[in-house]
Amino acid sequence: MRQKIYLGFILFWLTGISLSQAQYRQAKLAYYLPDSLQYDPAIPTPRAVLGFDIGEWHLSHDQLLYYMRVLDQASERIVLQEYGRTYEQRPLIALTITTPANHGQIARLQAEHVQLCNPDRSANLDIAKMPVVVRLGYSVHGNEASGGNAAALMAYYLAAGQGPQIDKLLEQSIILLDPCINPDGFQRFSTWVNSHQSYQAVSEPTSREFSEVFPNGRTNHYWFDLNRDWLLLQHPESQGRVAHFHAWKPNVLTDHHEMGSDATFFFQPGVPSRTNPNTPPQNQLLTAEIAQYHARMLDGLGALYYDEEDFDDFYYGKGSTYPDINGGIGILFEQASARGHLRQTDNGLLSFAFAIRNQLVASISSVTAALALREKLLKYQRDFYQSAPRGKGAYVVGSRYDPVRNYYFGEILRQHQIEAYWLDKDIQAEGHSFKAGQAWVVPLDQAQVRLVNTLFEKVSNFKDSLFYDVSAWTLPLAFDLPYAKLGTVPAFQPDAPNALPKGELTGPSTKTGYTFAWDAYFAPPGLASDSTKRNPGQSGHPPWQNSGGRFCHTAFPGQCICARLWAGARARETPGFLIEVAKTNHLSIQTLPTGLSEEGIDLGSNYMEPLQAAQPALLVGAGINAYEAGEVWHLLDQRYQIPLTLVDKSSFERLALEKYHALILVSGNYADFSNGLNRLKDWIRQGNTLICIGSSAQWAAQNGLSTLTFKSTSKADTTRFYRYLDKENYEGAQEMGGAIFEAILDTTHPLGYGFRHEKVAVFKDNRLFAQMPADEYAAPLRYTDSPRLSGYISRENLKQMQKAPSLTVHHFGQGKVISFLDNPNFRGYWYGTNKFFANALFFARVIRR
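Residues numbered from 1 in each chain as written. Predicted model: local features only at pLDDT ≥ 70, side-chain atom pairs only at ≥ 80, totals over all residues. Heavy atoms only, no water.

Draft legend 1. The sheet that holds strand S19 (residues 504–506), seen in detail. Spatial strand order, S19-S24-S20: three strands in an open sheet with mixed pairing. Edge positions in the sheet fall to S19 and strand S20 (513–515), since each of these pairs with one other strand and no more. Pairwise comparison of adjacent strand axes, ignoring direction, gives a mean angle of 30° for this sheet. Summarising the sheet, S19 and strand S24 (residues 588–592) pair through three bridges and their orientation is parallel. Across the sheet, the residue bridging to Leu505 is Ile589, located in S24. (Pairing = 2+ DSSP bridges. Helix = DSSP H or I, 4+ residues; strand = E, 2+ residues; numbered from the N terminus. Axes fitted to C-alpha atoms, helices over the stretch in contact; angles between N-to-C directions.)

Below, the structure is given as structure tokens:
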């Protein structure tokens, strides 16, 4: 393969990477489409509908959607289905493309195909007569737009193409075409790039056309990478897409991306040593066989390409790997990006039209390969489930105290079509107590056992030390749920539904106050519901009891008890308001009939400290990590329903800081923030809180906002001889792509409120290792002596991590600087450590020196 690439480099320069400057605007259908077919004149071309040719302008999502609807009306081969909506209410659609005859029996064909994944029913299916199912997916990253623009051409090709070749393809295939997986980001990018295009083509890479502003179009509305969410399912785009995936169980799924402009074109297989061991070897063999079709078609264009480098098949949360754990073949395509319309690169001029054509060719080669390998692919899918390593036991997982995390955990399993049932009787296992109706039973004797294993297993052995993405994603650890693996399946409730708790206000009428447990996942928005109405809560941090007959409430160590104190007419309004708070946030709120406690502090004690209303701001803008910023925004806006002001750091000096009690910084470059530093320091001294996540904690320390000192991670072993050839592998092995570690928590510390256990799993994807602070009470969360729970870490990094702090607090005047060296909100699914972040918002003021 390497020889082919280097020889191809000569051919590349002879044929040219792209159209000339003068030609790139006039890229007609003939430039893109195979000339081996005739095209039905009754099917409208993109130009006939949109008024310009594909590649001349970047399609906006509304234009792409409109053209898909026109094709749906014009062609009997196409049925358009809306499978969801984005946060910005843009439709998510898929076209089902096949012959009219197949459409006439589509329900039967779909049901038969899905039965291939049921080992109890698949043996008698006649795969010789079954169509192959291919899902084509484009532009999950909105600013990788050649995919979405190619989707319009692929839809036209399939709708209008005529001849024996296309007839056979549609007769023996069902093609599911998703033209744009990320409409919000796609729209954002098209607006930027079109508004900066000149009619006289400008290819200089420094042109503003190629330099999107923060947060750019890659991500969805909340700045999440949707190509990491296939497994995690935290967003409506992913939830709708995975539901559509399982409704059909495609044999082949294509995932069309872009990469750096100076590259060429990549298709899978990826790096062989980085394939997840849960993926059967036959998967990679079929991927390689399909790759021959890509190579032949790209060779016909004289286009350069490569495979088995850079990208891998390890993390199952990507579009090209999720099919691999679901009986299909996922294929990643990466096209060198024009990032505009015409761009100068190391390989010459790269036009948008050329990038689109490569994506179209890869789409056609994929469906061509699927047709040629139809029976092989169908047989592989059946064998995948029939040979699944079913077991006799089960996993049991769940919290006795937080039904909300149990619920969302169960929803992820359900969406992946994993069988899970509520436990029927209390059991003890591996040191944990599991209560009936409060823990899931996940049998290992089920079709999706491979997926079950990858969601529950802890992994520490790897063939390779380099990872394109994370190396661990153990779901119970992410949710901070106790779990155990059992040798037998315990009794379960087969038909009990999964539902959030209804929420209620219990206890006799009171003039004293109310309380709810802080370990409930939605306790923070419950408290914020009052705070936004200017009814400050109180926090009792020493353990205490309040007697009230059967309404007796016992606080565990570290529990936060929230009491509401009103008088007069306002007291009469309180119960109705709190009933609404309880229902909205799925809380059990209890009345406090008296302020006198049998043990510990009374309600009027000086230890009952008033809490601040949640009034946070988040610094965003150029140089800021949009992923981490989006995770904060999503958590507060979607889950906690706490208004969050997004402040561009360039306008910080104009911000009315006195309106906010907390300012949040995430990882990023703050070198240009020096002008605002003194103002920030004065604001913290006045009693406010700076919350730092990731590398912003290092910036804060370097600028005198905290006393944290960081360990060096760049020292090389001077006694070792380093080979130049090994540089990439050695240095890459030191990177922290993402793994899970064990930390010990002081549950009596305000930052530890809401946790009932001292051992907590944290996610780490950076090399920030700090020394323990001189104040031993300033680090309530620190790694254990043997911290790795799951995932890859080098020996050097592991040594640096041992007993180092993960979360610290430093006093600065009357205020606090709280440093998260690990991300408590990672990718939206790390429910287990969200409470740390909430505690930083609500309880910073009650942390004493």
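Draft legend 2. Representation of the layout of surface pockets within the structure. Here the largest pocket is characterised by a volume of approximately 800 Å³. Along the wall of the largest pocket there are 35 residues; nearest its centre are His432, Asp480, Leu481, Pro482 and His757. Residues that form the lining of the largest pocket fall into these classes: 14 nonpolar, nine polar and 12 charged. (1 Å grid on protein atoms, 1.4 Å probe; cavity = no way out; pocket = protein on both sides within 12 Å on 5 of 7 lines; lining within 4 Å. Points joined across faces, edges and corners; volume = space filled by probe spheres on them. Nonpolar A, V, L, I, M, F, W, Y, C, P; charged D, E, K, R; others polar.)

Draft legend 3. Fine view of the pairing of strand S3 (residues 91–97). Judged by how many residues are buried, S3 sits mostly within the fold: seven of seven residues are covered. Alternating residues of S3 divide into Pro91, Ile93, Leu95 and Ile97 and Leu92, Ala94 and Thr96, and every residue in both groups is buried. Pairing analysis gives seven bridges linking strand S2 (residues 78–85) to S3, with the strands arranged antiparallel. Bridge pairing in S3 links Arg85 to Pro91. The hairpin formed by S2 and S3 contains five residues between the paired strands, and Gln89 there has a positive phi angle of roughly 65°. Sheet topology note: the S3/strand S6 (residues 173–178) ladder contains three bridges and is antiparallel. Counterpart to Ile97 in the pairing with S6 is Ile175. (Buried < 20%, exposed > 50% of the residue type's maximum accessible area, 1.4 Å probe, protein only.)

Draft legend 4. Structural detail: the nonpolar core. Formed by 138 residues in total, the largest nonpolar core has its most connected members in Phe456, Leu680, Leu705 and Phe837. Of all the elements, helix H24 (residues 834–843) adds the most residues to this core, at seven residues. Counting residues in each nonpolar core, the second largest holds 81 residues, with Ile54, Leu177, Phe267 and Ala291 among its members. (Core = buried A, V, L, I, M, F, W, Y, C linked by side-chain atoms within 4.5 Å.)

Draft legend 5. Spotlight on helix H14 (residues 403–415). Between its first and last C-alpha atoms H14 spans 18 Å; for 13 residues at 1.5 Å apiece the expected length is 18 Å, and the two agree. In terms of burial, H14 is largely enclosed, as 10 of its 13 residues are buried. If you check which residues of H14 are buried, you get Val404, Arg405, Asn406, Tyr407, Phe409, Gly410, Glu411, Ile412, Leu413 and Gln415. The inward-facing, buried residues of H14 abut helix H10 (236–248), strand S12 (394–397), strand S13 (421–423), strand S16 (440–443), helix H15 (449–456) and helix H16 (475–478). Its side-chain oxygen 3.2 Å from the backbone nitrogen of Val404, Asp402 forms the N-cap of H14. Gln417, located one to two residues past H14, shows a positive phi value of around 60°. (Expected span 1.5 Å × (residues − 1). Contact = heavy atoms within 4.5 Å. Polar contact = N/O pair within 3.5 Å; in protein donor to acceptor, adjacent residues only side chain to side chain.)

Draft legend 6. Here's a closer look at unusual backbone geometry. Cis geometry is adopted by the peptide bond preceding Pro215, which originates at Phe214 and carries an omega value of 0°. Note on placement: Pro215 falls in the loop between helix H9 (183–195) and H10. Residues Gln268 and Pro269 are joined by a peptide bond in cis, for which omega reads 20°. Note on placement: Pro269 falls in the loop between strand S8 (265–267) and helix H11 (281–301). Positive phi values are uncommon outside glycine, yet Gln89 reaches one of about 65°. Mapped onto the elements, Gln89 comes out in the loop between S2 and S3. Even without glycine at this site, Trp223 takes up a positive phi of about 70°. The buried category is assigned to Trp223, whose relative accessible area is 7%.

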